[in-house]
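Chain residues, written in single-letter form:
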Amino acid sequence: MSEFSSSSSHPRSGAHHVHLHVHGAESPHPPQPAPWSILRMGLVSRVVAAAAASAVLWALVLLAMR
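Residues numbered from 1 in each chain as written. Predicted model: local features only at pLDDT ≥ 70, side-chain atom pairs only at ≥ 80, totals over all residues. Heavy atoms only, no water.

Chemist: Got a sec to walk through the overall build of the protein? Specific residues and values, please.
Modeler: On a plain count of helices and strands, the protein comes out with one helix and zero strands. Carbon and sulfur atoms make up 67% of the accessible area of the protein, which amounts to about 6400 Å² in all. (Helix = DSSP H or I, 4+ residues; strand = E, 2+ residues; numbered from the N terminus. Areas by Shrake-Rupley, 256 points an atom, 1.4 Å probe, with all protein chains shown as cover.)

Chemist: If you had to explain a nonpolar patch on the surface to someone new, which residues and values would you point to?
Modeler: The grouping of Val 56, Leu 57, Leu 60 and Leu 63 at the surface amounts to a nonpolar patch, some 400 Å² of accessible area in total. As for its placement among the helices and strands, Leu 63 is situated in helix H1 (residues 43-65). For Leu 63, a relative accessible area of 51% puts it in the exposed group. (Patch = residues over 30% accessible without salt bridge, like charges linked within 9 Å, V, L, I, M, F, W, Y side chains within 5 Å. Salt bridge = Lys/Arg side-chain N within 4 Å of Asp/Glu carboxyl O. Buried < 20%, exposed > 50% of the residue type's maximum accessible area, 1.4 Å probe, protein only.)

Written out as structure tokens, the structure is:
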């Protein structure tokens, strides 16, 4: 069945879907800059962030064991 078929498998079979964002594989989305990425952090910053996350998780484990 085609994506643009008028029949629908949704419970409201009378509802029509409007596809405003359709493009083929030959024209993919252009890359968008990520607002934040762990890969852009320096090594020291990544280690500090990992240690902080680990400390928070261990605090939750110790709190749960009380």
